[in-house]
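Okay, here's what each chain looks like letter by letter:
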Amino acid sequence: MAFPENFVWGAATSAYQIEGAANEEGRGESVWDMFCRQPGRVHEGCTGRTACDHYHRYKHDVSIMHSLGIPAYRFSVSWPRVLPAGTGGVNAPGLAFYDRLVDELLTAGIQPWVTLFHWDFPYALYCRGGWLNRESVEWFSDYAQVVVRALSDRVTHWLTFNEPQCFVGFGHLSGVHAPGVRHGLREALLAAHHVLLAHGRSVQAIRANAVRSPCVGWAPVGAVSAPVDPAEPADVEAARHASFALRPLEGPSDNALFNTTWWADPVVFGRYPEDGLKRFGDAVPDATADDMKTIAQPLDFYGVNIYSSSVIGARAQDGHPVTALKWPVTPQCLYWGPRFLFERYGLPLVITENGMSGIDWVSLDGKVHDPQRIDFIARHLNELRRCIADGVDVRGYFHWSLLDNFEWAEGYKERFGLIHVDFATQKRTLKDSAYWFAEVIKTNGKLPADHVWPRRGNGEDKHVI
Ligand code: FCB
């Protein structure tokens, strides 16, 4: 069984995590630059100042993707690189970088999928109130317009926000991500409302300014649950319910916004979910009918980042495998997640991120052996294929990540890449999983039964690029 024809295979990254060149060619600061400077915030005091130096090495990185036959690449544009003050004057060299990157991708036959915002909010705008300031809605849609005008003669696939649950919730409530503030619920919900409005306004800006007919989506967290026993209807129902309920609050620094419906119900249905309105009470911002209309812009696809799920059911589950970052390995998340999301929201889905952090290093033989990542992807793709076979409209799968990179508060400790990066030398080494993923793509997901071990032979001397 293969995946549907035209299924999109890709790999994903984000600007702050890979670009580096933080102080070059007129880039403004983002809240992540500010956050990284604060002692104790990021593992070992790491920063994104150099990261994968992709800003200078993008041609090489694109050529690796080309050699692997990766057909699509999801990357993000750095707002402060394009608009150093967040609004106003465009930084021409910064914008030109994305122009060159898009050209390079297209020349290599790789389809660009552009995320407008993947967490690197302009510091200058943070100083003007950030997402708490309602003007942020227009700041963002103006920025979207600049990018769309520059790239939409070639780019057709657009995503507005990556994981608002994280940059609002972790950034403004639990404070573990930039800007690192521990506001109360009222402020966090206000920021969330502005982000939702900015999403809607930017969808409008994309549609109004795009040269080529755009395909527009977003990439929220898929905070989904799966049943312990899929043959048990009560477990399935409990998992469905949990997938669309707010999580119980576990403490003052909890991220109460880590759920699906507070974000997706407004975006798709134009209303906040009842249980949230009840739970958050008078912390909920005043939202006019016009606001809700603006938020609920028609989307062409629902992108979703799914790494794992909670597993819900009558029978408790004792123990489960975990990744290096201690995230549970629950491949069924790529069956139940898309299935539940499709049932509720009815939009075509794209898996915009899925992957794992591994304990990967370059072996004495010069290669990076990551059988667990291969097994992880294989198991997840098997579930995704089953989900599609059961009638769920899933259009693509983007692996997180193309490269090992700056993993936010975890610094460079976590390695999510198909390609190993030695951060001291910037040398790229293809992991076994990169070669294996190339096979997956080539066969459109017809995974060989003995999928776990990479094929030996002609790839032998190509590990080091
Ligand atoms: C997601 C983020 C992405 C990366 C992966 C591991 O939450 O969108 O930037 O950090 O997790």
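Just above, that's the structure.
Below, the structure is looked at part by part. Everything numeric in this text was worked out from a predicted model, so none of it was measured.

So, the environment of Tyr412
No. 1: With respect to the element layout, Tyr412 can be found in the loop between strand 10 (394-400) and strand 11 (419-422).
No. 2: Looking at Tyr412, the relative accessible area reads 18%, which means it is buried.
No. 3: Distance in space between the C-alpha atoms of Tyr412 and Ser357 is 11 Å, their sequence separation being 55 residues.
No. 4: Beyond its immediate chain neighbours, meaning those up to four positions away, Tyr412 contacts Cys46, Thr47, Gly48, Ala51, Asn405, Phe406 and Phe423.
No. 5: A distance of 3.4 Å separates a polar atom in the side chain of Tyr412 from the backbone nitrogen of Ala51.

Things to note about the site of the ligand
No. 1: Around the ligand sit 13 residues, and of these Gln17, His118, Asn162, Glu163 and Glu407 come closest.
No. 2: One of the side-chain nitrogen or oxygen atoms of Asn162 is found 2.9 Å away from an oxygen atom of the ligand.
No. 3: The side chain of Trp408 places a nitrogen or oxygen atom 3.0 Å from an oxygen atom of the ligand.
No. 4: Looking at the shell around the ligand, its residues break down into 6 nonpolar, 4 polar and 3 charged.

Concerning the pattern of salt bridges
When charged atoms on two side chains of opposite charge get close, those side chains can pair.
No. 1: According to the stated counting rule, one finds 28 salt bridges in the structure shown.
No. 2: A salt bridge links Arg57 to Asp53, with the shortest nitrogen-to-oxygen separation between them at 2.8 Å.
No. 3: Given the relative accessible area of 30%, Arg57 is considered partly exposed.
No. 4: Assessed through its relative accessible area of 12%, Asp53 is described here as buried.
No. 5: One salt bridge in this structure joins Glu383 and Arg386, with 2.8 Å as the shortest N-O distance. Within this pair, Glu383 and its partner Arg386 are both found in helix 15 (residues 371-389), separated by 3 residues, close to a single helical turn.
No. 6: Given a relative accessible area of 17%, Glu383 falls into the buried group.
No. 7: Look at Arg386 and you get partly exposed, because its relative accessible area is 37%.

About the thresholds
Residues numbered from 1 in each chain as written. Predicted model: local features only at pLDDT ≥ 70, side-chain atom pairs only at ≥ 80, totals over all residues. Heavy atoms only, no water. Helix = DSSP H or I, 4+ residues; strand = E, 2+ residues; numbered from the N terminus. Buried < 20%, exposed > 50% of the residue type's maximum accessible area, 1.4 Å probe, protein only. Contact = heavy atoms within 4.5 Å. Polar contact = N/O pair within 3.5 Å; in protein donor to acceptor, adjacent residues only side chain to side chain. Near = heavy atom within 4 Å. Nonpolar A, V, L, I, M, F, W, Y, C, P; charged D, E, K, R; others polar. Salt bridge = Lys/Arg side-chain N within 4 Å of Asp/Glu carboxyl O.

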